[in-house]
Amino acid sequence: MSDLTRRSILKLGSALIAGGFSPLRVSAQNATSGKTFGVLGRLDYSKAKATPTICFACTNHCGVIGWVQDGLVRKIDGNPLDPNTEGNLCSKAQGMISYTYYPERILYPLRRVGKRGEGKWKRITWDEAYTELAEKMRPLRENGTPEEFVFHYGRDKTKGYTKHFTNAFGTPHRLNRRSICSSNRRAPLMSFYGRDFEWETQDLSNTKYVINWGGNPYEAYQGGLFMAHRLQSARVDHGAKLVTFEVRPSATASKSDEFHTVMPGTDGAVAFAMIHTILKEGLEDKEFWNRWANLSLDELRKSVKDYTPEWAEKKSGVPAADIRRIAIEFANAAPACCTMSNRGSAKHYNGMQSDRAIRTLDVLVGNVGKPGGYCLSSLRGWSGKYGQEGLPNLKLPEPKASDPKPWGIGEGFDEVAFKSQQRAAHARSEGRFSSVIPVFNPVKDIMVSDDECIRERISMGDLGALKPYFADIGAQGVDALQCSEHPQDEKLIPFHVAIDIGYGEQSALADMILPEATSLERWDYHSTNCYGLVPYTGIRQPLVDPQGESKSIQVILRELAHKIGGGMEKHFTYKDDESLYRDWYKELPISWEEFKRRGIWQEKDRPKDYELYERPLTDGELAGTNFKAGKLADGALVEKDGKAVGIMKDGKAVRGFPTPNRVINVYDEIFPEAATAVGLPLSDGNASPLATWHEVPEHVDLPDDRFIFSTFKWNVHTQGRSGHWKYSAEIIHTNPIFMHPDTGKTLGLVEGDEVEVSVYRPTGFTYRAREKGVMGSFKNHVRFLKGMHKRVVMCSHHVGQSETSKPEASKAETSPAEGKSKKLADRRLKDGVWWAKKRGGIGGGVHINDALPINPAPLIGGQNWYDNVCSIEKV
Amino acid sequence: MPLDMTPEAAVAQLAASLLAHEIDASLLASLQQPETSLILQKIEPRVASLLNKKWAPQDFEDAAVEYCRLFILDPVAPARAAAYNEKNSLEVAGRIQFMLDSGFLELPERFKSLAPDHVALLLLVYSTLIGDDSIQFKGDNLAWLPDFSGCLENECKHPLYLLVAKILRMV
Amino acid sequence: MADFNTDFPMSEKEVLPWEKVGKEYRLNYKRAGMLVDLDRCIGCHSCSVSCKTENEVPLGNFRMRVRYLEQPDNKQISFTPLICMHCVDAPCLKACPSKAIRREDDGRVFIDENRCDLEKECVEACPYGAISINVEKEVAEKCDFCTHRTEVGLDPACVSNCPTDALVFGDLDDPESRISKLVDKKKAKAWKAEEKTNPSVLYVSHEKWMEEKANTGVQLDPKDEDVTYEQNNLKK
């Protein structure tokens, strides 16, 4: 230190002291030596504390053990007691450490200063935040318009706590993001098997043959980690065969025993041809079909008579001989065989019908509910649903607020139209949708999906001013120009609050940001379907206190409810989260302390969920029904209080399926009914009551210079929210455009060339359909892979976001996307980010959201982003 | 802690309090003390007009907005060790958390919600140490300080925080 | 994999696996080794990221790395984890002029950071590219089979979290051990056996394209690879 500096310190320091500056009044016990100042280096397992909890890095929610030392979470390991993972874990779990400790994490409530979206903020206290929120929200209740409060969240892993709040407040308007993901593939399941089974549980441990249409459980997928190890064991140890239809060489496709590329939107054609083949060869399980399907085999045969393998080859590009052979192998392996499908088959205009065809295959060969087959097991929320008999009843313990009236009730209201729309809403995949009325836009003759519909109503002036709008887990809107326009309009959305851990594109358009606790700092109830086929539950418990001033969502809602008052506080009686969850779990047969110690509970002796539909109704279940021994005919429904609870089979009263007619609804009138209610022509394939083939409209006669642009997921990232997970970002930090080398040749490209991808709007019955011109574009570099389908180009969507896609402890360069909603972030770079452009590396990713049009399927509302037609030009 | 505060400690604590939270009336009063104010203006001349006037609520808000822009929301000059010590980003936080858990220090109210590797906390602890402990602590936990003050100087638009950058160089 | 139904009864007296950590445990291996089963591996990076988190490995260095390769002869991608082989006849040990590398009792090869003088001969000598330089600590670093975990009864971090049981850790000199039985059953072999270093990490089904896999980057983006090669002396 120079003398000059030393003198300055003395002068300044003395002046401060003389002026009475000693604001901190700190005293230390003793000046301890530097050597005792904490532990360096690796975890010391003799000192570190292990606590079981539930991961939240992706949607699987695996049981994990968190190791804490020096008050910090240092490592995540798998919880060997979790019957789904059996102790396994993926790379993303370590990202929880990144997202809890990264230096740009928001730790304080913030309030916008200046214009919305200008980027000027200041810190406020929680008291100031709650006061302002209550002042804005209380009048909505007092004036009788609570429905003007909209709560938008991602997936509600609090298992109903957010709904508890919106119910207590009195608003039915809860928005989620199911339509962005898997609506189209859930709807067929809910139609076939009932709302309790919108997701299946294939018995992969015991399967011999799996046909996979576009699913990627080895990298992502709901339940992917639970499936991956079971399927690998089945293949490697027991010779099971995995056949995959895909458009890129995903990890799943790469480990499949057969990998066939398939034209996007034609998975259904392949499935229909397999149904055709199985019937032709007489390999169907007649007994099972006749017993449980609500359609005759003759009708089915008629409906698929034209769907030959040769026909399917023309549509899909998969050789007819392979389609035929695979269908026969599949049927011969029954019942220890199953199908698998997800976004690849379903995120298309015809995706819902494609998945109905795929699901028909399982019914046709009779593998439903059988060992090694396509099983149905308890999903979530243990409260006495089908398949949960005998499980502890786990219900949110607070006084329940009644469900508020759906919006639209009032003067001039058309009840008939309303009821039709309600039925259409029930045709959707997710029960939550039914509390948000799907809006039919009479001007444009189309149906739009929930959150977009709210925006449409806003822009049509129907909703009036949409008052406080909560966004929990900020979304990055696709069709970004469209999605950012409405939140910026203060007349449409007068107040916008974001609850998040980081600054994102949505929170950038908010008026207030509330810092949320991360998964390592909060409680949650957990249950999901178990691929071991015995239900279980788990508890997410905090490993460390919330950093800074962040609070868990449960605490925020509770404190806000009390601040708003007016009777809301009656429904939020618990003083802390642990008390709430302890009461929530009070029916468990083990003590609360024991449950916390283990993190998991499962009733080990419970039989597996095979053939739940054949289980006889117990005497208790028969009490109060119309059942009288010997009086009900075979096939008759066993009813209680006007509701079917079982069905007669071979003189016995058995459970059947949780559908209104207790059988598998291969044929379902709900689709044409919903179509009629919303004005969709019955000639549109989506309206068919039976699985039917129809084309993706904009793919018909696709010109040679047009390609399909879609997205995919890597195994180290989760959606668009993991760009700042240090080690994940190191492995994947760009999102090049993957294409087949022949596609590149056609376009005159060499590997690494920069191109511009321009996307056009879809042409079916959907949002802004048939609008001419490019709807959005972006520039990126290309990479060739032989495993790509020749008409398909793909980017992952994990990186390139302007606000959240930054690795921990650094802000790597991201390239700007086209479109006005992004700004270039040129930040200081740190040593560690070796891939930074300024260090000669490749830099970060490109934002592709501008080129993803809002494209909801007409009835179900799932976004059809695997249909995007694009043109490509070398830059 | 020495019974009398040393000048070095006072300077470190000044930096700490300016970085721990937005400037408030009480802290401003300390800066505007005649003798202190003159010295500060020599250190950073651009802060003269701020120190020589009476602050209106808008001035406090402007400073708060700048504070937020610099250090809190999408921070251009993040104030946490993890942002500069990529290679061992949790190390500093771990050390400080350990110390805090041991009851070594009673934190002032406005420091309690800072992340354990926040520069203000580190400066505060540093101000309580002497001799070898002080040198060891600085080497272990504040080696990144020049990076931070450099970044602050580059990014900052408000004279008050230009001043802070200069004061940091004295620590 | 544990037998789920019998190994974890729901009893309050039951000591849970993570509660057993550290209590009266001694790893009595004669030859610590690992099996890498490429039939089971799905390239998920659980091993490499768990390793980095566990061992605070800086960005740019990898102790356990997962390489991807587009196979030259078909359209599928293949992956392989690469790790220090803990060779019985370790060239790094012989090459180090500071004698900073030694073999532990159970045969694992260990770099003593306190003795490392950053001569970097070990990096050159290793035919498997296992050693990297930690620029901040100024030492050479590599996998040590997570000594701090194995000494308390845990598997190395990579093995522990692998979701498909593709990694197995155990005593290669104990014929009754799970790893020895698997080595036998699946005919696991050394990679680059011609280097004659006698590795303790053995691969199942590695024969195809192993060299090509080792020479690619961690992600499928060619412009990136030149930077990651700084630490990879395989690309000479």
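Residues numbered from 1 in each chain as written. Chains lettered and ligands numbered in written order. Predicted model: local features only at pLDDT ≥ 70, side-chain atom pairs only at ≥ 80, totals over all residues.

1. Section: the overall build of chain C
From N to C terminus, chain C includes 9 helices and 9 strands. Expressed as a percentage of its 236 residues, the buried residues of chain C come to 49%. When contacts within chain C are restricted to residue pairs at least 6 apart in sequence, long-range pairs at least 24 apart make up 61% of them. (Helix = DSSP H or I, 4+ residues; strand = E, 2+ residues; numbered from the N terminus. Buried ≥ 20, exposed ≤ 12 C-beta atoms within 10 Å, placed from the backbone. Contact = placed C-beta atoms within 7 Å.)

2. Considerations on the overall build of chain A
A tally of regular secondary structure across chain A gives 25 helices and 30 strands. Within chain A, the fraction of its 875 residues that count as buried is 62%. A sequence separation of at least 24 residues applies to 72% of the contacts in chain A between residues at least 6 apart.

3. Some words on the environment of A:Asp500
Residues and elements named next belong to chain A. Relative to the elements of secondary structure, Asp-500 occurs in strand 17 (residues 496–500). The class for Asp-500 is buried, based on 22 C-beta atoms found within 10 Å. When the C-alpha atoms of Asp-500 and Thr-518 are compared, they prove to be 9.0 Å apart, with 18 residues separating the residues in sequence.

4. Structural notes on the packing of helix 3 (residues 126–142) of chain A against helix 19 (residues 553–564) of chain A
Residues and elements named next belong to chain A. It is at 9 Å that the axes of helix 3 and helix 19 come closest, and there the two elements cross at 60 degrees. Here helix 3 lies oblique to helix 19, going by the angle between them. The hand of the helix 3/helix 19 crossing is right-handed. Of the residues in helix 19, those in contact with Tyr-130, Leu-133, Ala-134, Met-137 and Arg-138 of helix 3 are Glu-559, Leu-560, Lys-563 and Ile-564. Of the residues contributing to the contact of helix 3 with helix 19, the split by class is 6 nonpolar, no polar and 3 charged. (Axes fitted to C-alpha atoms, helices over the stretch in contact; angles between N-to-C directions. Parallel < 35°, antiparallel > 145°, perpendicular 65-115°, else oblique. Left-handed = near helix turned anticlockwise from the far one by under 90°. Nonpolar A, V, L, I, M, F, W, Y, C, P; charged D, E, K, R; others polar.)

5. Section: the sheet that holds strand 11 (residues 258–261) of chain A
Each strand in a sheet pairs with its neighbour through backbone hydrogen bonds, running either in the same direction (parallel) or in the opposite one (antiparallel). All names here are of chain A. Taken in spatial order, the 4 strands of this open sheet run 11-10-9-12, and their pairing is parallel. A strand with exactly one partner marks an edge of an open sheet, and here the two such strands are strand 11 and strand 12 (337–341). Direction aside, the axes of adjacent strands within the sheet are offset by 15 degrees on average. Two strands pair when backbone bridges link them, and strand 9 (residues 209–213) and strand 12 are joined in this way by 5 bridges, in the parallel orientation. Counted as the bridge partner of Asn-212 is Met-340 from strand 12. Running at roughly 135 degrees to strand 9, helix 13 (residues 320–333) makes contact with strand 9, strand 10 (241–246), strand 11 and strand 12 of the sheet. (Pairing = 2+ DSSP bridges.)

6. Here we look at the nonpolar core
Ranked by size, the top nonpolar core spans 341 residues in total, and within it B:Ala15 and B:Val164 carry the most contacts. No other element matches helix 1 (residues 7–20) of chain B, which puts 10 residues into this core. Every residue in contact with B:Ala15, bar those within four places of it in the chain, is listed here: B:Leu123, B:Val164, B:Ile167, B:Leu168 and B:Val171. Among the nonpolar cores identified, the runner-up in size contains 5 residues, and A:Val833, A:Ala836, A:Ile842 and C:Leu59 belong to it. (Core = buried A, V, L, I, M, F, W, Y, C linked by C-beta atoms within 7 Å.)

7. What about the pairing of strand 1 (residues 32–37) of chain C?
Every regular strand shows the same layout, with side chains that alternate between the two sheet faces. All names here are of chain C. Among the 6 residues in strand 1, 6 count as buried, and that is most of the element. Burial of strand 1 is two-sided: the residues Ala-32, Met-34 and Val-36 facing one way and the residues Gly-33, Leu-35 and Asp-37 facing the other way are all buried. Relative to strand 8 (residues 167–171), strand 1 runs antiparallel, the two sharing 5 bridges. Directly across from Ala-32, in strand 8, lies its bridge partner Asp-171. Both strand 1 and strand 9 (residues 201–204) contribute to a ladder of 4 bridges, which runs parallel.

8. Looking at the environment of A:Gly95
Residue and element names in this part refer to chain A. Along the polypeptide, Gly-95 turns up in helix 2 (residues 95–101). Among the residues examined, Gly-95 registers 30 C-beta atoms within 10 Å and is labelled buried. C-alpha of Gly-95 to C-alpha of Ile-854: the two residues are 759 residues apart in sequence and 30 Å apart in space. Setting aside residues up to four positions removed in sequence, Gly-95 forms contacts with Ala-57, Ser-722, Trp-725 and Ser-728.

9. Quick look at the interface of chain A and chain C
Residue-level contacts link 59 residues of chain A with 51 residues of chain C. Breaking the side of chain A that touches chain C down by element, the ones donating at least two residues are strand 3 (72–78), helix 7 (224–238), helix 8 (251–255), helix 21 (592–598) and helix 24 (726–731) of chain A. If one sorts the elements of the side of chain A that touches chain C by residue count, helix 7 of chain A sits on top with 5 residues. Looking at the side of chain A that touches chain C, its residues break down into 30 nonpolar, 15 polar and 14 charged.

10. Comments concerning the sheet that holds strand 9 of chain C
Residue and element names in this part refer to chain C. Pairing is mixed in the open sheet, where 3 strands are placed in the order 8-1-9. Every other strand in the sheet has two partners, leaving strand 8 and strand 9 as the edge strands with one partner each. Direction aside, the axes of adjacent strands within the sheet are offset by 20 degrees on average. Packed on one face of the sheet, helix 7 (residues 178–186) meets strand 1, strand 8 and strand 9 and runs near 120 degrees to strand 8.

11. Structural notes on helix 7 (residues 119–127) of chain B
Residue and element names in this part refer to chain B. Of all 9 residues in helix 7, 9 are buried; the element is thus mostly enclosed. Buried within helix 7 are the following residues: Val-119, Ala-120, Leu-121, Leu-122, Leu-123, Leu-124, Val-125, Tyr-126 and Ser-127. Contact partners of the buried residues in helix 7: helix 1, helix 6 (91–101), helix 8 (131–141) and helix 9 (145–155).

12. Regarding the packing of helix 4 (residues 161–169) of chain A against helix 19 of chain A
All names here are of chain A. Relative orientation of the contacting elements helix 4 and helix 19 amounts to 15 degrees, with a least axis distance of 10 Å. Relative to helix 19, the element helix 4 lies roughly parallel. The chirality of how helix 4 crosses helix 19 is left-handed. On helix 19, the residues touching Tyr-161, Thr-162, Phe-165 and Ala-168 of helix 4 are Gln-554, Leu-557 and Ala-561.

13. Re the confidence of the model for chain A
Residue and element names in this part refer to chain A. On average, residues of chain A score 84 in pLDDT, and 84% of them are at 70 or above. Contacts from residues 408–478, a stretch scored under 50 in pLDDT, to residues over four places away or in other chains number 165 contacts. Note that pLDDT drops below 50 for residues 804–830; the model gives that stretch 96 contacts with residues more than four away or on any other chain. (pLDDT = per-residue confidence, 0-100.)

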